[in-house]
Amino acid sequence: MLALAIVFSTTVAHAATVTFSGISATDGNDAAGFDVSATAAVGNTLNLGVLPFSITSAGGLPVTMSDALLLTVTAPAGWKIASLTYAESGTYDASGGFVAATTQMLVNGAGPAPGGTTHFGSFGGWGPLGQMVDLSAGTVTNATVSISNQLFAANVATVSKSSATLVAALVAVPVPPAFWMAAAVASMSSSLMFLFTTSR
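Sequence order sets the numbering: in each chain, residues are counted from 1 along the sequence as written. In view of the model being predicted, local features appear only for residues whose pLDDT reaches at least 70, and side-chain atom pairs are presented and counted only at 80 or more, with totals across whole chains, interfaces and linings using the full set of residues. The basis for the side-chain values is all heavy atoms of the structure; hydrogens and waters are excluded.

Visitor: Got a minute to help me understand the overall build of the chain in this structure?
Guide: Working definition: helices are DSSP H or I runs of at least four residues, strands are E runs of at least two. Numbering for both runs from the N terminus. When you go through the chain residue by residue, the secondary structure sums to two helices and nine strands. Ordered by position from the N terminus, the helices and strands of the chain form the series α-β-β-β-β-β-β-β-β-β-α. Burial here depends on accessible area, computed with a 1.4 Å probe over protein chains only, as a share of the maximum for the residue type. Under 20% is buried, over 50% is exposed, and the range in between is partly exposed. Counting every position in the chain, which comprises 200 residues, the buried fraction comes to 34%. Considering only intrachain contacts with a sequence separation of at least 6, the fraction spanning at least 24 residues in the chain is 77%. Just so you have it, the chain exposes about 10,800 Å², and 67% of that area is on carbon and sulfur atoms. The contact criterion used is simple: two residues touch if any of their non-hydrogen atoms lie within 4.5 Å. What sets the accessible areas is the Shrake-Rupley method with a 1.4 Å probe; for residues, cover comes only from the shown protein chains.

Visitor: Help me understand the side chain of Thr-39, please; the structure alone is not making it clear to me.
Guide: Residue position: Thr-39 is located in strand 2 (residues 35-42). Overall, the relative accessible area of 14% leaves Thr-39 in the buried class. Only 2.9 Å separates the side chain of Thr-39 from the backbone oxygen of Asp-35, close enough to count as a polar contact. Residues adjacent in sequence count toward polar contacts only when both atoms are side-chain atoms; beyond that, a polar contact is any pair of N or O atoms within 3.5 Å, and within protein one must be able to donate a hydrogen and the other to accept it. A polar contact of 3.0 Å, which involves the side chain of Thr-39, links it to the backbone nitrogen of Gly-49. Beyond its immediate sequence surroundings of up to four residues, Thr-39 is in contact with Ile-23, Leu-46, Asn-47, Leu-48 and Gly-49.

Visitor: Looking at this model, I keep getting lost on the side chain of Asn-44. Mind explaining?
Guide: Tracing the chain through its elements places Asn-44 in the loop between strand 2 and strand 3 (45-49). Of note is the side chain of Asn-44, whose polar atom sits 3.3 Å from the backbone oxygen of Ala-16. Leaving out residues up to four positions away in the same chain, Asn-44 has contacts with Ala-16, Thr-17, Val-18, Phe-20, Leu-166, Val-167, Ala-168 and Leu-170.

Visitor: Mind showing me how you'd approach the pairing of strand 5 (residues 63-74) here?
Guide: On a regular strand, one side chain projects to one face of the sheet and the next to the other, so that they alternate. The rule for pairing is simple: two strands pair if DSSP sees at least two bridges between them. As judged from the five bridges shared by strand 1 (residues 19-25) and strand 5, these two strands associate in the antiparallel manner. Residue Phe-20 lies in a different strand from strand 5, and its bridge partner there is Val-73. Bridge analysis of strand 5 against strand 9 (residues 142-172) gives 12 bridges, and the strand direction is antiparallel. Note that in strand 9 the partner of Thr-64 across the bridge is Phe-152.

Visitor: How should I be thinking about the nonpolar core in this particular structure?
Guide: Across soluble globular proteins, nonpolar side chains show a tendency to be buried alongside one another. Counting residues in hydrophobic clusters, the biggest one holds 41 residues, and the most contacted among them are Leu-48, Val-73, Ile-81, Leu-84, Met-105, Val-145 and Leu-166. When contributions to this core are tallied by element, the ones reaching two or more residues are strand 1, strand 3, strand 4 (53-58), strand 5, strand 6 (79-107), strand 8 (123-134) and strand 9. Looking at which element gives the most residues to this core, the answer is strand 9, with 11 residues. With residues near it in sequence (within four places) discarded, Val-145 still touches Leu-69, Leu-70, Leu-71, Val-73, Leu-84, Met-105, Leu-106, Val-107 and Leu-166. Nonpolar core, defined: a set of buried Ala, Val, Leu, Ile, Met, Phe, Trp, Tyr and Cys residues in which side-chain atoms within 4.5 Å join the residues together.

Visitor: Sorry if this is basic, but what is going on with the confidence of the model for the chain here?
Guide: When pLDDT is low, close inspection of the predicted coordinates is not appropriate. On average, residues of the chain carry a pLDDT of 82, and 78% of them reach 70 or more. Considering only residues more than four positions removed or in separate chains, one finds that residues 1-13, a stretch of pLDDT under 50, has three contacts. The score called pLDDT rates the predictor's confidence residue by residue, from a low of 0 to a high of 100.

Visitor: Teacher, can you tell me more about unusual backbone geometry here?
Guide: Of all residues except glycine, most have a negative phi; of all peptide bonds, most are trans. Cis rather than trans, the peptide bond between Gly-127 and Pro-128 has omega equal to 0 degrees. The topology assignment puts Pro-128 in strand 8. Although it is not a glycine, Asn-108 adopts a positive phi angle of roughly 50 degrees. Here Asn-108 lies in the loop between strand 6 and strand 7 (115-120). Positive phi values are uncommon outside glycine, yet Asn-155 reaches one of about 60 degrees. Here Asn-155 is to be found in strand 9.

Visitor: What is the right way to read the environment of Ser-83 from this model?
Guide: Mapped onto the fold, Ser-83 is located in strand 6. Sequence spacing of Ser-83 and Val-133 is 50 residues, and the spatial spacing of their C-alpha atoms is 5.6 Å.

As structure tokens, this is what we get:
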């Protein structure tokens, strides 16, 4: 009986999956910035569509681009959200100028300060740039998430975001001791009844 219970609990732990819903971009435009139509979940990871998310400065005024994604993350019954982690990466060519990329994730209206990366006189890849919100101390089962992104290019430069993911971590909601006591008593009663019946 105990062995069966352990196997069942392990199976449930691996199968616990959040629901990502209400996904929308603030600019309402899938042609630039976050691409809602290309956003898809694989288990507890949400792969965000971000193409084309790129700007180029040709030597005139600095060029900027921004967008934000809104969504809701819901834990399955018996589970709570332990943390949400956002990560993004991209490429840049600042051989003739300056580029910057920043991001900020808010969960239920709160979160860390914006984080960013800057490059001057070089080129290559940047990231992963990420933020994590720890919710393990609470009992959050439903979270409203907003992710804002900004790109900046000056002089002769190009900067792009090429990938972004949001990962949810879950933990089981502890079952009250009284429940386990009742379950143990019920299991013992069933076992005694079985033994009594078979002995007759």
